[in-house]
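# Understanding the architecture of this molecule
Here is what each chain is made of, one letter per residue.
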Amino acid sequence: MSKRLINGLWKAEKEKIYSSLPRKKMSLESLLETPTFTIRNNQISEVNRIDLDYLCEILPSSLWGELYLPLIFQKRKQLYILLGEQLEKWIVEKILDLTTTSPLLLDVFSPRHDYFVYHYQRVQKTIPTLVFLTFAIDSQR
């Protein structure tokens, strides 16, 4: 196969992966008003109210505007990396019962760098409409 053909196939596969992700993250606060994401392929992804209510229970209302969703995990070999800020990482650690710190003390919060499949599955099972998965794409191959 020619290099041009391989690069074209690779580009098409990357587009498929990226097209299943939301166009932009939205705050928990705005999702409570309009519980949908627009996916990059222009489809609408509905968010289950139960998932939003669960997050509202574990996070103080003063932080609802600072939590950006969905939670996006990136699979790299056998590990899952959460793409997000400290508050998103705190939410994952809270769902997994790996932290007892307050979300108001994020300066002293030290999250994991990566997660195993059973961690990802537990988070995905807890709030399924707010978790997306993507894959690390190494362009060197």
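This report concerns the structure included in the present document. (Residues numbered from 1 in each chain as written. Predicted model: local features only at pLDDT ≥ 70, side-chain atom pairs only at ≥ 80, totals over all residues. Heavy atoms only, no water.)

## Some thoughts on helix H4 (residues 86-95)
Each full turn of the α-helix corresponds to 3.6 residues, which orients residues three or four apart in the same direction. Among the ten residues that make up H4, seven are buried, leaving the element largely enclosed by the rest of the structure. Turning to H4, its buried residues are Leu87, Glu88, Trp90, Ile91, Val92, Glu93 and Ile95. The inward-facing, buried residues of H4 contact helix H3 (49-58), strand E4 (68-69), strand E5 (71-76), strand E6 (79-83) and helix H5 (117-126). Remark: Asp97 follows H4 within two positions and exhibits a positive phi of approximately 55°. (Buried < 20%, exposed > 50% of the residue type's maximum accessible area, 1.4 Å probe, protein only. Helix = DSSP H or I, 4+ residues; strand = E, 2+ residues; numbered from the N terminus. Contact = heavy atoms within 4.5 Å.)

## A few points about the environment of Pro60
Tracing the sequence through the fold places Pro60 in the loop between H3 and E4. With 42 residues separating them in the primary sequence, Pro60 and Ser102 have C-alpha atoms 9.6 Å apart.

## A few points about the pairing of E6
Residues Tyr80 and Leu82 point to one face of E6 and are all buried, whereas Leu79, Ile81 and Leu83, pointing to the other face, are not buried. For E5 and E6, the ladder comprises five bridges, and the chain directions are antiparallel. Residue pairing for E6: Lys75 is matched across the bridge by Tyr80. A loop of two residues connects E5 with E6, the two strands running antiparallel in sequence, and Lys77 in this loop sits at a positive phi of about 55°. (Pairing = 2+ DSSP bridges.)

## Some points on the sheet that holds E5
Strand order in the open sheet formed by three strands is E6-E5-E7, and the pairing between neighbours is mixed. Each having just a single partner strand, E6 and strand E7 (131-135) make up the two edges of the open sheet. On average, each strand axis in the sheet is inclined to that of its neighbour by 30°, with strand direction left out of account. Contacts from H5 reach E5, E6 and E7 within the one sheet, and its direction differs from that of E7 by about 145°. (Axes fitted to C-alpha atoms, helices over the stretch in contact; angles between N-to-C directions.)

The quantities given are spatial measurements derived from coordinates; they are silent on function.
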